[in-house]
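Close look at the chain arrangement
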Amino acid sequence: MNLFKKTPQRAAVDYDLLEEIERVKTQMNNAYTNFQSAMDPDLIDCYIYESNAAWKRYRFLLRQAKKERTS
């Protein structure tokens, strides 16, 4: 009996989740880099918003990955 063996479907879900986490990390880095070079107050606000949105998504994805790991 293989209780702890990953099924191909679960492995694919884990891989997709890890890909999405990497994508969001890139978005956070891009927003931070753009924020550092922005001069216009509207762009500064925009990059702050993008950074916060990416951070919240990153936290959500980490929670999802943790749930997948424990189940």
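As shown above, the structure is provided for reference.
A short tour of the structure in this document, coming up. (Residues numbered from 1 in each chain as written. Predicted model: local features only at pLDDT ≥ 70, side-chain atom pairs only at ≥ 80, totals over all residues. Heavy atoms only, no water.)

Some thoughts on the overall build of the protein chain
Quick note on the threshold: Comment: elements are numbered from the N terminus, with helices defined as DSSP H or I runs of at least four residues and strands as E runs of at least two. Relative accessibility decides the category of a residue: with a 1.4 Å probe and only protein chains considered, values under 20% of the type maximum give buried, values over 50% give exposed, and everything between is partly exposed.
Helix and strand counts for the protein chain stand at 2 helices and 0 strands. Taken across its 71 residues, the protein chain has 17% of its residues classed as buried.

Looking at helix α2 (residues 41-70)
We count it as follows: Residue count minus one, scaled by 1.5 Å, sets the expected span of a helix.
Look at α2: 44 Å from first C-alpha to last across 30 residues, which is about the 44 Å you get at 1.5 Å a residue. Of all the residues in α2, the buried ones are Y47, A54, Y58 and L61.

Some remarks on the nonpolar core
Going by this rule: Think of a nonpolar core as a cluster: buried Ala, Val, Leu, Ile, Met, Phe, Trp, Tyr and Cys residues, connected wherever their side-chain atoms sit within 4.5 Å. Whether two residues are in contact is decided by their heavy atoms: any pair within 4.5 Å suffices.
One finds L17, I21, V24, M28, A54, Y58 and L61 forming the largest nonpolar core, which totals 7 residues. Only α1 (8-37) and α2 provide two or more residues apiece to this core. If we ignore the near neighbours within four places in the chain, the residues touching V24 are A54, R57, Y58 and L61.

Describing the pattern of salt bridges
Worth spelling out the cut-off: Put simply, a salt bridge is a Lys or Arg side-chain nitrogen that is within 4 Å of an Asp or Glu carboxyl oxygen.
Scanning the entire structure with this criterion turns up 3 salt bridges. With its nearest N and O atoms 2.7 Å apart, the salt bridge here joins E20 to R23. On the criterion of helical spacing, the pair formed by E20 and R23 is a turn pair, its members being 3 residues apart in helix α1. Residue E20 is classed as buried on the basis of its relative accessible area of 18%. K25 serves as the salt-bridge partner of E22, at 3.4 Å between the closest nitrogen and oxygen. Within this pair, E22 and its partner K25 are both found in helix α1, separated by 3 residues, close to a single helical turn. Taking the relative accessible area as the measure of exposure, K25 reaches 31% and is therefore partly exposed.

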